Amino acid sequence: MCISYGNAFILFLLLPLFVGVLGKNDFGEYTFYLSVVNWLVFANTLGTQTKIRQLFLQSKNNKIKDALILFIILSFLVTLFSLIYFYIFESYSSKVIITLILLSFFTSVFSLTNAFLIADNKVNYSAINQFIFSIIPLILFLLISQFYELTYLFRFVFSILIAMVIFYLHKKYFINVLKLKRLATLLNLKDSFLDNIKIAGNSLFDKIVSQGDKLFVGVMFGFEILAIYAIGSQISNILQVSLKAFLVFLEQNIFKKDKGITKEFIVTFILGALLSILIFFVMKYCFLFFFSEDYLYVLTILPYQLLIVYLRAVSSTQFSCDLVSNSHVRNLIVQYSLLFLFSIFMYNFEQLDILLFVQLLMLMTVLTNMFNFALRVVKK
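First things first, this report covers the structure right here in the doc. The shown structure was predicted, so the numbers you read here are calculated from the model rather than taken from an experiment. (Residues numbered from 1 in each chain as written. Predicted model: local features only at pLDDT ≥ 70, side-chain atom pairs only at ≥ 80, totals over all residues. Heavy atoms only, no water.)

What about the overall build of the chain?
Argument step 1. Summing up its helical and strand segments, the chain has 14 helices and zero strands in all.
Argument step 2. Starting at the N terminus and ending at the C terminus, the chain contains elements arranged as α-α-α-α-α-α-α-α-α-α-α-α-α-α.
Argument step 3. Of all intrachain contacts in the chain linking residues separated by at least 6 positions in sequence, the fraction that spans at least 24 positions is 81%.
Argument step 4. Summing over all exposed atoms, the chain offers an accessible surface of approximately 18,900 Å²; the carbon and sulfur share of this is 69%. (Helix = DSSP H or I, 4+ residues; strand = E, 2+ residues; numbered from the N terminus. Contact = heavy atoms within 4.5 Å. Areas by Shrake-Rupley, 256 points an atom, 1.4 Å probe, with all protein chains shown as cover.)

Right, dumping it as structure tokens:
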């Protein structure tokens, strides 16, 4: 957990330097492309990380093999369709297209590696890997940019290289599973795919809120506004990392079904609420120490961004409980119904600005949690 905090803190300290090197517009463009990569990672994995953590605890290596083979198939299809889409519909250069696709694949492999480590009770190793993957490419970029003029694509290239090294160091998890003699039949792959769809339903909603928002802001308001929004998201990431350090243990206990989580749940989210308040007030009084006045509007939207991160963590825990109790469909219906209603409202609202957008996103996460919690109480 200390490693996770250190990771978030160092990323925050390096962020002003990174923004200063790139400038507002290029940082917004970098954030936009990074969101594209995260969507490709989601399409490659479809929640395979959660499935690995679940199946590893149950010693179901045959099903893990099916999941990995499905991942390989999905990655190939996503790569193929991405190449076709980017080539026909987007004006990206070949350098950008190849870099984004390679980064999405190796980030996917990295996330599966960490899923194996967490399931094998090596959470600290997972945290160290996350630290290296997040921090080292950024430090390399900042150091080399002092001597040479670099574009943000080099930051992506450094991440690809680091992900390859981490995979090589932990490749035994993949080899031990893939060398099993049991063949993955079409029926097994179909069942594995259906399991992924069940898990990915909640992950998709998370991606819409945490990554789709950046794509929306970039398209609707431009890269400079996206840069401001992205800085707020990065500050909120300190809260997200803090909560995730606890949620990993909560999720493992939920999947084991051998102990209650009520006490841990309450403690985690009380601490999360206090940390949210602390982060906001520290940034309120120290913001100009880190960033220029050009980014002051971050403080206007930051409270809502912090609340969104906090409520999505609550929602994720509720979904894990519903997944174990086979009530996940109800959970998904609530989430997507509200998303549909709010999307229609925002699409038809002519005076939508970045502040109103964040407020609506926050309201949607509040209502999602309220409805799902109420329905869980009614069911009991």
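Topic: a nonpolar patch on the surface
Argument step 1. Together, Ile 73, Phe 76, Leu 77, Leu 80, Phe 81, Ile 84, Tyr 85, Tyr 87, Ile 88 and Phe 89 give the surface a local cluster of nonpolar side chains, amounting to about 1,100 Å² of exposed area.
Argument step 2. Position of Tyr 87 relative to the elements: it lies in helix α4 (residues 61-89).
Argument step 3. Accessibility expressed as a relative area gives 70% for Tyr 87, which makes it exposed. (Patch = residues over 30% accessible without salt bridge, like charges linked within 9 Å, V, L, I, M, F, W, Y side chains within 5 Å. Salt bridge = Lys/Arg side-chain N within 4 Å of Asp/Glu carboxyl O. Buried < 20%, exposed > 50% of the residue type's maximum accessible area, 1.4 Å probe, protein only.)

Comments concerning the packing of helix α6 (residues 123-144) against helix α7 (residues 152-169)
Argument step 1. Taken N-terminus to C-terminus, the directions of α6 and α7 make an angle of 140°; their axes are 9 Å apart at the nearest point. Note on packing geometry: the crossing formed by α6 with α7 is right-handed. Counting all contacts with α6, which are made through Asn 129, Ile 132, Phe 133, Ser 134, Ile 136, Pro 137, Leu 138, Leu 140, Phe 141 and Ile 144, the residues of α7 involved are Tyr 152, Phe 154, Arg 155, Phe 158, Ser 159, Ile 162, Ala 163 and Ile 166. (Axes fitted to C-alpha atoms, helices over the stretch in contact; angles between N-to-C directions. Left-handed = near helix turned anticlockwise from the far one by under 90°.)

Overview of unusual backbone geometry
A negative phi angle characterises most non-glycine residues, just as the trans form characterises most peptide bonds.
Argument step 1. The backbone phi angle of Leu 46 is positive, close to 50°, even though this residue is not glycine.
Argument step 2. Considering the arrangement of structural elements, one finds Leu 46 in the loop between α2 (24-45) and α3 (48-57).
Argument step 3. On the basis of relative accessible area, Leu 46 is assigned to the buried category, the value being 12%.
Argument step 4. Positioned with a positive phi, Asn 121 is a non-glycine residue whose angle comes to about 60°.
Argument step 5. If you trace the backbone, Asn 121 turns up in the loop between α5 (94-119) and α6.
Argument step 6. Assessed through its relative accessible area of 65%, Asn 121 is described here as exposed.

Quick word on the nonpolar core
Argument step 1. In terms of nonpolar packing, the biggest core is built from 85 residues, with Phe 27, Tyr 229, Ile 231, Ile 235 and Phe 357 touching the most fellow members.
Argument step 2. Not counting residues up to four positions away in its chain, the partners in contact with Phe 27 are Leu 15, Phe 18, Val 19, Leu 22, Ala 227, Ala 230 and Ile 231.
Argument step 3. By size, the runner-up hydrophobic cluster in this structure holds 13 residues, among which are Ile 64, Leu 68, Val 109 and Val 177. (Core = buried A, V, L, I, M, F, W, Y, C linked by side-chain atoms within 4.5 Å.)

Section: the packing of α4 against α5
Argument step 1. Relative to each other, α4 and α5 sit at 165°, their axes nearing to 10 Å. Compared by their axis directions, α4 and α5 come out roughly antiparallel. For the pair α4 and α5, the crossing hand works out as right-handed. Across the interface between the two elements, Ile 64, Leu 68, Phe 71, Ser 75, Thr 79, Ser 82, Leu 83, Phe 86 and Tyr 87 of α4 pack against Ile 97, Ile 101, Phe 105, Ser 108, Val 109, Leu 112 and Phe 116 of α5. (Parallel < 35°, antiparallel > 145°, perpendicular 65-115°, else oblique.)

Structural notes on the packing of aromatic side chains
Argument step 1. One pass over the structure, following the stated rule, counts 25 aromatic pairs.
Argument step 2. Consider the rings of Tyr 33 and Tyr 152, whose centres lie 5.9 Å apart with planes at 50°: the pair is tilted. Of this pair, Tyr 33 sits in helix α2 while Tyr 152 sits in helix α7, placing them 119 residues apart in sequence.
Argument step 3. Its relative accessible area of 8% is what places Tyr 33 among the buried residues. (Phe/Tyr/Trp six-rings, centres within 6.5 Å; stacked < 30°, edge-to-face > 60°.)

Overview of α2
Argument step 1. Taking 1.5 Å per residue, 22 residues should reach 32 Å; α2 reaches 32 Å between its end C-alpha atoms and fits that length.
Argument step 2. Phi turns positive one or two residues past the end of α2, at Leu 46, with a value near 50°. (Expected span 1.5 Å × (residues − 1).)

Examining the pattern of salt bridges
Argument step 1. Enumeration over the complete set of coordinates arrives at one salt bridge.
Argument step 2. Two residues, Lys 122 and Asp 120, come together in a salt bridge whose shortest N-O distance is 3.6 Å.

Description of the environment of Ser 145
Argument step 1. For Ser 145, the position within the fold is in the loop between α6 and α7.
Argument step 2. The exposure class of Ser 145 is buried, given its relative accessible area of 17%.
Argument step 3. Counting along the chain gives 123 residues from Ser 145 to Leu 22, while the straight-line C-alpha distance between them is 9.9 Å.
Argument step 4. Here Ser 145 is in contact with Val 21 and Leu 150, once residues within four sequence places are set aside.
Argument step 5. A polar side-chain atom of Ser 145 sits 2.8 Å from the main-chain carbonyl oxygen of Leu 142. (Polar contact = N/O pair within 3.5 Å; in protein donor to acceptor, adjacent residues only side chain to side chain.)

Quick notes on the environment of Ala 115
Argument step 1. Assignment of secondary structure puts Ala 115 in helix α5.
Argument step 2. With 66 residues separating them along the chain, Ala 115 and Gln 49 place their C-alpha atoms 5.3 Å apart.

Focus on the side chain of Lys 214
Argument step 1. You can see Lys 214 is positioned in helix α9 (residues 186-221).
Argument step 2. Dropping the residues within four chain positions of it, Lys 214 is found in contact with Thr 31, Phe 32, Ser 35, Leu 226, Tyr 229 and Ser 233.

Comments concerning α7
Argument step 1. Along its 18 residues, α7 runs 27 Å from first to last C-alpha, staying within 8% of the 26 Å computed at 1.5 Å per residue.
Argument step 2. Looking at α7, one finds that the buried residues are Tyr 152, Leu 153, Arg 155, Phe 156, Phe 158, Ser 159, Ile 160, Ile 162, Ala 163 and Ile 166.

Brief notes about the environment of Asp 191
Argument step 1. By secondary structure assignment, the location of Asp 191 is in helix α9.
Argument step 2. Between the alpha carbons of Asp 191 and Ala 67 there is a distance of 9.6 Å; along the sequence they are 124 residues apart.

Concerning the side chain of Ser 75
Argument step 1. Structurally, the position occupied by Ser 75 is in helix α4.
Argument step 2. Accessibility expressed as a relative area gives 4% for Ser 75, which makes it buried.
Argument step 3. If near-sequence neighbours (up to four positions away) are discounted, Ser 75 is found in contact with Asn 44 and Phe 105.

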